[in-house]
Amino acid sequence: MFCRQDTDDAGDLLGRLGELTTQARELAKMQRSRVELAVALQRGMLPQTLPDPPGIRLAAGYMPAHHGLNVGGDWYDAFTMPDGRIGLSIGDVQGHNIEAAAFMGQVRVGLRALAHVTNDPGELLTRTNDLLVSLGADLFATCIFLRLDPATGVLECARAGHIPHIWATADGRSGVDEGECGPPLGVLEGAEYPVVCHRLTTGGVVVLLTDGVVEGPSLSLDEGLHRVTRLAEITAAAGLGIKALVDGVMRLADTVGHEDDAAVLVIGHDGGAM
């Protein structure tokens, strides 16, 4: 037989469990709202359209990997600069939360705004880096910025701690950029970013990536870069078009077992199906 004290204790326990359940539900709801807000912020910061200059084709793929409550800060961007050339960037913010998504927006907007002050990719990254350092944020971002002259196909590239881009030509050559790299943005005031020049030839492609595409529990970075290089080589040689290349790269991203965003931006020169 239960005494009244046992009944009271059981009632207190059930009441406490009910309170904890309610708190857990409210916390889960709040966290889901934060994730939804971060994802909306991410998507709102991505360009709605890409430039379409004569002879040049651009295509992009993006997959936010919001596993559980993790939300990353990857981005890509492409826009026409004041001098008529095309500015292209891709990058990855450290962290997986709404703060990372917001910081991503600051970096992207900073790059666009400062492109009206300087069109040199190295100086642009230096100025963006110094701006981010001055804000005193605890986050940092890796990034590639390219300036493309559609008339000549000349690409000028500066890299801030980011994985290298990949190139392939219609005659079957391909490779990974081995140019010098500066530190991530937002870490070291006064950092410098060397500029490397390439030329996009007819039928050729250049592939910009974030590491969520090519690195994860199921794939090493070197192997991932090798696979994307092979995809780019086949695509350019066969004239399959950049949309097919983007689709192939995003399918690869599905296999790496990562819990990170995945973004790809492909630049192609007319000479095959687009």
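Every value quoted in this text rests on a predicted model; they were computed, and no experiment measured them.

Novice: Requested: an account of the sheet that holds strand β4 (residues 141–148), with residues and values cited.
Specialist: The strand order across the open sheet built from five strands is β2-β3-β4-β5-β8, with neighbouring strands paired in antiparallel fashion. In this open sheet, the two strands that pair with only one neighbour each are β2 (73–80) and β8 (195–199). Shown here is a sheet whose adjacent strand axes are inclined to one another by a mean of 15°, direction ignored. One ladder, built from five bridges, connects β4 with strand β5 (residues 154–160); its direction is antiparallel. Within the sheet, the bridge partner assigned to L146 lies in β5 and is C157.

Novice: So what's going on with the environment of P47? Which residues, and what values?
Specialist: Topologically, P47 is positioned in the loop between α1 (4–45) and β1 (56–63). In sequence terms P47 and Y76 are 29 residues apart; their C-alpha atoms lie 7.9 Å from each other. Those residues in contact with P47 that sit more than four places away from it in its chain are Y76, D77, A78, R108 and R112.

Novice: Report on helix α3 (residues 121–135), specifying residues and quantitative values.
Specialist: Taking 1.5 Å of rise per residue, 15 residues should cover 21 Å, and α3 covers 21 Å from first to last C-alpha, within 8% of that figure. Of the positions making up α3, those classed as buried are P121, G122, L124, L125, T126, T128, N129 and L132. Contact partners of the buried residues in α3: α2 (98–114), β4, β5 and β8. By the N-cap criterion, in which a side-chain oxygen at the helix start approaches the backbone nitrogen of a residue two or three places on, α3 is capped by D120, the distance to G122 being 3.1 Å.

Novice: How would you summarise the sheet that holds strand β6 (residues 166–168) if you had to cite specific residues and measurements?
Specialist: Here we have five strands laid out as an open sheet, ordered β1-β10-β9-β6-β7, and antiparallel in their pairing. Two strands in the sheet have a free side with no partner beyond their single neighbour: β1 and β7 (174–176). Mean inter-strand twist for the sheet, computed between neighbouring axes without regard to direction, equals 15°. Where β1 lies against strand β10 (residues 262–269), eight bridges are found, and the strand directions are antiparallel. By the bridge assignment for β10, A59 is matched with V266. Seen against the sheet, helix α6 (residues 242–253) touches β1, β9 (205–209) and β10 and runs at an angle of roughly 20° to β1.

Novice: Outline the side chain of R108, listing residues and values.
Specialist: Checked against the element boundaries, R108 lands in helix α2. We classify R108 as buried; its relative accessible area is 10%. A polar contact is formed between the side chain of R108 and the side chain of D77, at a distance of 3.3 Å.

Novice: Quick rundown of the packing of α2 against α3? Include the residues and the values.
Specialist: Relative orientation of the contacting elements α2 and α3 amounts to 135°, with a least axis distance of 10 Å. The pairing of α2 with α3 is recorded here as oblique in orientation. Of the two possible hands of crossing, α2 and α3 adopt the one that is right-handed. For the pair α2 and α3, the contacting residues are F103, Q106, V107, G110, L111 and L114 in the first and L124, L125, R127, T128, L131, L132 and L135 in the second. A breakdown of the residues in the contact of α2 with α3 according to their chemical character gives nine nonpolar, three polar and one charged.

Novice: Can you explain a nonpolar patch on the surface? Please cite residues and give values.
Specialist: Side chains of F140, V187 and L188 sit close together on the surface and give an oily, nonpolar patch of about 260 Å² of accessible area. By the element assignment, F140 lies in the loop between α3 and β4. Overall, the relative accessible area of 31% leaves F140 in the partly exposed class.

Novice: For the packing of helix α5 (residues 221–238) against α6, give the residues involved together with the corresponding values.
Specialist: Running from N to C, α5 and α6 point in directions that differ by 160°, and their axes come no closer than 10 Å. Accordingly, the angle class assigned to the pair α5 and α6 is roughly antiparallel. As for the relative orientation of α5 and α6, their crossing is right-handed in sense. Contacts from G224, R227, V228, L231, A232 and T235 in α5 reach L245, G248, V249 and L252 in α6. Grouping the constituent residues of the contact of α5 with α6 by class yields six nonpolar, three polar and one charged.

Definitions and limits used
By convention here, each chain's residues receive numbers from 1 onward along its written sequence. Totals for whole chains, interfaces and linings use every residue, but because this is a predicted model, local features are given only for residues with pLDDT of at least 70 and side-chain atom pairs only at 80 or more, for both listing and counting. In computing side-chain values, all of the structure's heavy atoms are included and hydrogens and water are not. DSSP calls a pair of strands paired once it identifies at least 2 bridges connecting them. Runs of H or I in DSSP of at least four residues are treated as helices and runs of E of at least two as strands, each being numbered from the N terminus. An axis is simply a line fitted to the C-alpha atoms; with a helix, the fit covers only the stretch in contact. Between two such axes, the angle follows the N-to-C directions and lies from 0 to 180 degrees. By definition in these notes, contact holds between two residues if any of their heavy atoms fall within 4.5 Å. Expected span of a helix, by definition, is 1.5 Å for each gap between consecutive residues, and there is one gap fewer than residues. For every residue, the accessible area obtained with a 1.4 Å probe (protein chains only) is divided by the maximum for its type, and the residue is called buried under 20%, exposed over 50%, and partly exposed between those limits. Polar contacts, as counted here, are pairs of nitrogen or oxygen atoms within 3.5 Å of one another; within protein the pair requires one atom able to donate a hydrogen and one able to accept it, and residues that are adjacent in sequence qualify only if both atoms are side-chain atoms. Comment on the angle field: the value is read as roughly parallel under 35 degrees, roughly antiparallel over 145, roughly perpendicular from 65 to 115, and oblique elsewhere. Left-handed describes a crossing whose near helix is turned anticlockwise from the far helix through less than a right angle; right-handed describes the clockwise counterpart. Asp, Glu, Lys and Arg are counted as charged, while Ala, Val, Leu, Ile, Met, Phe, Trp, Tyr, Cys and Pro are counted as nonpolar; the rest, among them Gly, fall into the polar class. Every patch collects residues that have over 30% relative accessible area and no salt bridge, joining them within 9 Å if they carry like charges and within 5 Å if they are nonpolar side chains (Val, Leu, Ile, Met, Phe, Trp, Tyr). Accessibility throughout is a Shrake-Rupley quantity obtained with a 1.4 Å probe, and a residue counts as covered only by protein chains that appear here. Salt bridge, as applied in this entry: a Lys or Arg side-chain nitrogen positioned within 4 Å of an Asp or Glu carboxyl oxygen.

On their own, these measurements won't tell you what the molecule is for.
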